[in-house]
Structure formats: C-alpha cells, structure tokens
Amino acid sequence: RKLFSRLPDRPRTGPVTLRLSLGELEAAARKATRGAGYPWGLADEAGRAARALAGIGLDGAELLARLLAEVAQRPHQPLAPAHLDGIWTAATGPLCPIRTGAVLCDLARALPEGGMALSRVLVPGMVLPFAADAARLRDAPVTLSWRGGIVGIGPEGLPRASGILKLAEVAE
C-alpha cells in the first residue's frame, strides 16, 4: 500500500485558502494578539471579538490583522480610553477597540442614558462585539452611529445587517 502520494511537480499558483472553525479562529486570534504584546485578558477579548464577527459573516481575522498592524505602528502610544466624560478619548492618538471595548463592558451598567461617544477608534468594526455585550449587560439596545451610517444592536446580539458591513469597512 502506498502511504504517501507524490506531490505534483509544478508549484501551486494563486492564493491559498485556509478554512478554520470558529474555535480555531478564536484561538489563532488570541495568540496573534498576545504575540502583538497585549496582556492575556485583552488577547482573550480580541479572540472572542474576532469569533463573534466571523459568526455574523464578517472577516474578524482580517479586521483584527488590520488593527494589530495599526497598533504596531504606535508602539509607545497609549490607546486605552483616558477621558470618559461624554466623549471617550485616548490620552494621545486614537483608541484601540479592544481596550475600549473592555472598558465599555466593564462600565456597561453605568453608561449614561443619553449616550456617549468614542473619538477616533482604530478599526471601529472591532467594537461591534463589545457593543453587543454592553447591550446584553444593560438588557437594552445600543446604537452605534458614525459618519455614513447607524446600526442598532439589541440584547440578543449582533444582527446580520448591511449597516454592520459598512462599519466594518471604516478605517478610523
């Protein structure tokens, strides 16, 4: 019996597609985020966010890769929310959606009824899973709006909607 088949002599051309389960995607995203210097807790959140986005048909891996590439260009810039009064901002520069999302969930029940704003978020599509978590924690819908669109997220989770696809395409 032949255990191994001979590989073709000619090299493969074109892109190689790798299909991962949602669990494999989450694990790979977690490891990539940890490798980019994030602490394990935030790396876990990033993996979960990438999985949630993939679960509604968005390319969570690509969004996370874009984010990690952006963060690598700012190695000494604090990207966590530093000012939480009305408009959330970082001390300098843009907000990291993973760090911002973690704070959003931590403060979900204490968020003002009138809403608040996030200023200059890198790869804002990565905020979506955290907004869904905040809606679930508050047991009330959360509305995200940006220049060019608006989407509501209820306590039941992320919807498959064209508005979400538009937000995923926004760079900052």
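To keep things clear, this report deals only with the structure shown in the data block. (Residues numbered from 1 in each chain as written. Predicted model: local features only at pLDDT ≥ 70, side-chain atom pairs only at ≥ 80, totals over all residues. Heavy atoms only, no water.)

**Things to note about the overall build of the chain**
A count of helical and extended segments in the chain gives 6 helices and 5 strands. Ordered by position from the N terminus, the helices and strands of the chain form the series α-α-α-β-β-α-β-α-β-β-α. Taken across its 172 residues, the chain has 37% of its residues classed as buried. Taking as baseline every contact in the chain between residues at least 6 positions apart, the subset at least 24 positions apart corresponds to 57%. Carbon and sulfur atoms make up 54% of the accessible area of the chain, which amounts to about 10400 Å² in all. (Helix = DSSP H or I, 4+ residues; strand = E, 2+ residues; numbered from the N terminus. Buried < 20%, exposed > 50% of the residue type's maximum accessible area, 1.4 Å probe, protein only. Contact = heavy atoms within 4.5 Å. Areas by Shrake-Rupley, 256 points an atom, 1.4 Å probe, with all protein chains shown as cover.)

**Re the pairing of strand β5 (residues 149–153)**
Here strand β4 (residues 142–146) runs beside β5; their pairing, made up of 5 bridges, is antiparallel. Within the sheet, the bridge partner assigned to Leu144 lies in β5 and is Val151. Hairpin connection between β4 and β5: a loop of 2 residues separates the two successive antiparallel strands, and Gly148 in this loop has a positive phi of roughly 110°. (Pairing = 2+ DSSP bridges.)

**Some remarks on the sheet that holds strand β2 (residues 87–90)**
Pairing within the open sheet is mixed, and its 3 strands lie in the order β1-β2-β3. Strands with a single pairing partner mark the edges of an open sheet, and in this sheet they are β1 (81–83) and β3 (117–118). Sheet topology places β1 next to β2; 2 bridges connect them, and they run antiparallel. Within β2, the residue paired with Pro81 across the bridge is Ala90.

**Quick notes on helix α2 (residues 40–55)**
With 16 residues, α2 extends 22 Å from end C-alpha to end C-alpha; this agrees with the ideal 22 Å at 1.5 Å per step. Listed as buried for α2 are Leu42, Ala43, Ala46, Gly47, Ala49, Ala50 and Leu53. Buried residues of α2 fall within an arc of 160° about the axis and therefore sit on the same side. Tucked inside the fold, the buried residues of α2 contact α1 (22–35), α3 (60–72), α4 (97–106) and α5 (128–138). (Expected span 1.5 Å × (residues − 1). Arc of directions from axis to C-beta.)

**Details of the pattern of salt bridges**
For the structure shown, the criterion picks out 9 salt bridges. Among the ionic pairs, Asp44 bridges to Arg30, the shortest N-O distance being 2.9 Å. Of this pair, Asp44 sits in helix α2 while Arg30 sits in helix α1; the two residues are 14 residues apart in sequence, bridging distant segments of the chain. Here Arg138 ties to Glu113 by a salt bridge, and the two come within 3.5 Å at their closest N and O atoms. Residue Arg138 is located in helix α5, and its partner Glu113 is located in the loop between α4 and β3; the two are separated by 25 residues in the primary sequence. (Salt bridge = Lys/Arg side-chain N within 4 Å of Asp/Glu carboxyl O.)

**Describing the layout of surface pockets**
Each pocket or cavity is described by its volume, and for the second largest pocket that value is around 170 Å³. If you trace the second largest pocket, you find it lined by Leu20, Ser21, Leu22, Leu25, Ala54, Gly57, Leu58, Asp59, Gly60 and Ala61. Going through the elements one at a time, α1 and α3 are the ones with two or more residues in the lining of the second largest pocket. A breakdown of the residues in the lining of the second largest pocket according to their chemical character gives 6 nonpolar, 3 polar and 1 charged. (1 Å grid on protein atoms, 1.4 Å probe; cavity = no way out; pocket = protein on both sides within 12 Å on 5 of 7 lines; lining within 4 Å. Points joined across faces, edges and corners; volume = space filled by probe spheres on them. Nonpolar A, V, L, I, M, F, W, Y, C, P; charged D, E, K, R; others polar.)

**So, the nonpolar core**
If you look at the biggest cluster of nonpolar residues, it comprises 42 residues, and the most contacted ones within it are Tyr38, Leu67, Ile98 and Met126. For this core, the element with the highest residue contribution is α5, accounting for 6 residues. Contacts of Met126, omitting those with residues within four sequence positions, involve Ala46, Ala49, Ala50, Leu53, Gly60, Leu63, Leu64, Pro97 and Ile98. (Core = buried A, V, L, I, M, F, W, Y, C linked by side-chain atoms within 4.5 Å.)

**Re unusual backbone geometry**
Of note in this structure, Val123 is not a glycine but carries a positive phi near 40°. With respect to the secondary-structure elements, Val123 resides in the loop between β3 and α5. With phi around 55°, Asp139 is a residue other than glycine that occupies positive phi space.

**Brief notes about the packing of α4 against α5**
Running from N to C, α4 and α5 point in directions that differ by 0°, and their axes come no closer than 9 Å. Classified by the angle their axes make, α4 and α5 are roughly parallel. Contacts between α4 and α5 pair Pro97, Ile98, Gly101, Ala102, Leu104 and Cys105 from the former with Phe130, Ala131, Asp133, Ala134 and Leu137 from the latter. The residue makeup of the contact of α4 with α5, split by class, is 9 nonpolar, 1 polar and 1 charged. (Axes fitted to C-alpha atoms, helices over the stretch in contact; angles between N-to-C directions. Parallel < 35°, antiparallel > 145°, perpendicular 65-115°, else oblique.)

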